[in-house]
Each structure stands twice: as C-alpha cells, then as structure tokens.
Amino acid sequence: MRCPFCGHIEDRVVDSREAKLGDTIRRRRECAKCGRRFTTYERIDEIPHMIVKKDGRREKFDRQKILTGLLKACEKRPVPMSKLEEIVNEAEAYVAESADRERPSSAVGELVMNRLKTLDKVAYVRFASVYLDFKDVREFMDELKDLLKARRK
Ligand SMILES: [Zn+2]
C-alpha cells in the first residue's frame, strides 16, 4: 500500500480485522518510512494470500517462488515434477485456508521441508540449508546426524 502521507510503498500491518459485514477487511498500517499510520479497506476477493516474513513484512504468496526453490533443491535428483507440483499445491492450500489470509513464512517453509524430507533426503538438506535461520541450525544438525546414521545402517 502506498503511504498517503509520503508515498512510500512499504508498510507494516499493525492491526487487521474483518468488518462486521464480512467481506471487507480493515487494516491499520504503519508506513515503514515516515511511521505515520493509515487505514485501508480491502474487499476479501481482491485480497491476495500473504506470507508473513520473519521481520513482519508481507509478500504475496507466490507458487512460482516455491517451485523455483524446490527445483533448485532437487537439481539432478530423481524427484518427479508431479511430486513438486503436489508440494506447491499443498503449500498453496495451506495458505488459502487461513482465516487471516496469511501464514508465517516459517510455517510454509516447514510444510515444504517436511514433504521434501519424505521424497529425497539430499533435496531436503539443500532446501533446509537455504531456508533455515541460524537459530534453527542446531536442531537441523541434530536431524542431519540422524539421517546420516540411518544411511550407514
Ligand atoms: Zn509515509
């Protein structure tokens, strides 16, 4: 949303609620540049499904972006395209069924990682290493050890 005061296009949603009649959502937004707050009303069918990043920024859910990440992780791996499409569909459905029309990027990433884990361990590790935060790394390393152990058997 463009800030009505300074014209900046980045903002943070500080409050959002559905209006009583149901098909509009009122959002209080705070401009990332000048810090002033403004209100927007959006009709539900015009509102895209959003992904909430760790720093609170939102971006439109983008199938292509998830697919690109998956393709990169699955490079030269024996994973059929149809399986990747299934994962993307599942991620999309997960975001679409949210009452708030948004999901944290961490939850979407986790869903994708879990599916990938059952498909191809190498692809899973690649995807996770791009995706995960430093704070998640220790947990990830523990899991990696388990995977390696399992392979040795
Ligand atoms: Zn502004």
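Refer to the structure presented above.
Residues numbered from 1 in each chain as written. Predicted model: local features only at pLDDT ≥ 70, side-chain atom pairs only at ≥ 80, totals over all residues. Heavy atoms only, no water.

**Focus on the packing of aromatic side chains**
Working step 1: Enumeration according to the criterion identifies zero aromatic pairs in this entry.
Working step 2: For R103, the ring lying beneath its charged end belongs to Y94, and the centroid distance is 4.0 Å. (Phe/Tyr/Trp six-rings, centres within 6.5 Å; stacked < 30°, edge-to-face > 60°. Lys NZ or Arg CZ within 6 Å of the ring centre and 35° of its normal.)

**Thoughts on the side chain of D11**
Working step 1: Residue position: D11 is located in strand β1 (residues 11-18).
Working step 2: Residue D11 is classed as buried on the basis of its relative accessible area, which comes to 14%.
Working step 3: There is a polar contact of 2.9 Å between the side chain of D11 and the side chain of R29.
Working step 4: Ignoring any residue separated from it by four or fewer positions in sequence, one finds D11 in contact with M1, R29, E30, C31, A32 and F38. (Helix = DSSP H or I, 4+ residues; strand = E, 2+ residues; numbered from the N terminus. Buried < 20%, exposed > 50% of the residue type's maximum accessible area, 1.4 Å probe, protein only. Polar contact = N/O pair within 3.5 Å; in protein donor to acceptor, adjacent residues only side chain to side chain. Contact = heavy atoms within 4.5 Å.)

**Let's talk about the coordination of the zinc ion**
By definition of the ideal shapes, a tetrahedral metal site with four donors has angles of 109.5 degrees and an octahedral site with six donors has angles of 90 or 180 degrees.
Working step 1: Taken together, C3 (SG), C6 (SG), C31 (SG) and C34 (SG) make up the protein donors of the zinc ion, found 2.3 to 2.4 Å from the metal.
Working step 2: The site at the zinc ion holds four donor atoms, and with the angles between them running 105 to 118°, its shape is tetrahedral.
Working step 3: All donors of the zinc ion belong to a single chain; written as a sequence motif, their spacing is C-x2-C-x24-C-x2-C. Of this pair, C6 sits in the segment before β1 while C34 sits in the loop between β2 (24-31) and β3 (37-43), and the two are 28 residues apart along the sequence.
Working step 4: For C34, a relative accessible area of 31% puts it in the partly exposed group. (Donors = N, O, S within 2.8 Å, 3.2 Å for Na, K, Ca; no water. Tetrahedral: all angles 85-135°; square planar, octahedral: opposite > 155°, others 65-115°.)

**Some thoughts on the packing of helix α1 (residues 63-73) against helix α4 (residues 121-131)**
Working step 1: For the pair α1 and α4, interaxial distance at closest approach is 8 Å and the crossing angle is 125°. Taken together, the axes of α1 and α4 are oblique relative to one another. Of the two elements, α1 crosses α4, and the hand of that crossing is right-handed. Residues G69, L70, K72 and A73 of α1 pack against A123, R126 and F127 of α4.
Working step 2: Of the residues that constitute the contact of α1 with α4, the class distribution is four nonpolar, one polar and two charged. (Axes fitted to C-alpha atoms, helices over the stretch in contact; angles between N-to-C directions. Parallel < 35°, antiparallel > 145°, perpendicular 65-115°, else oblique. Left-handed = near helix turned anticlockwise from the far one by under 90°. Nonpolar A, V, L, I, M, F, W, Y, C, P; charged D, E, K, R; others polar.)

**As for the environment of E102**
Working step 1: Relative to the elements of secondary structure, E102 occurs in strand β6 (residues 102-104).
Working step 2: Considered as a pair, E102 and K60 are 42 residues apart in the sequence and their alpha carbons are 9.0 Å apart.
Working step 3: Those residues in contact with E102 that lie beyond four places of it in its chain are R27, M50, V52 and R58.
Working step 4: Within the structure, the side chain of E102 is placed 2.8 Å from the side chain of R58, a separation counted as a polar contact.

**Considerations on the packing of helix α2 (residues 81-96) against helix α3 (residues 105-119)**
Working step 1: Direction vectors running N to C along α2 and α3 enclose 150°, while the axes themselves pass 10 Å from each other. Relative to α3, the element α2 is oriented roughly antiparallel. Where α2 crosses over α3, the handedness of that crossing is right-handed. Every residue of α3 that contacts α2 at K83, I87, E90, A91, Y94 and V95 is listed here: A107, V108, L111, V112, R115, L116 and L119.
Working step 2: Among the residues forming the contact of α2 with α3, the class breakdown is ten nonpolar, no polar and three charged.

**A look at the pattern of salt bridges**
Side chains that carry opposite charge are capable of pairing whenever their charged atoms lie near each other.
Working step 1: Evaluation of the coordinates by the stated rule reveals eleven salt bridges.
Working step 2: Within the structure, one salt-bridge network assembled from shared partners comprises R12, E30 and R37. (Salt bridge = Lys/Arg side-chain N within 4 Å of Asp/Glu carboxyl O.)

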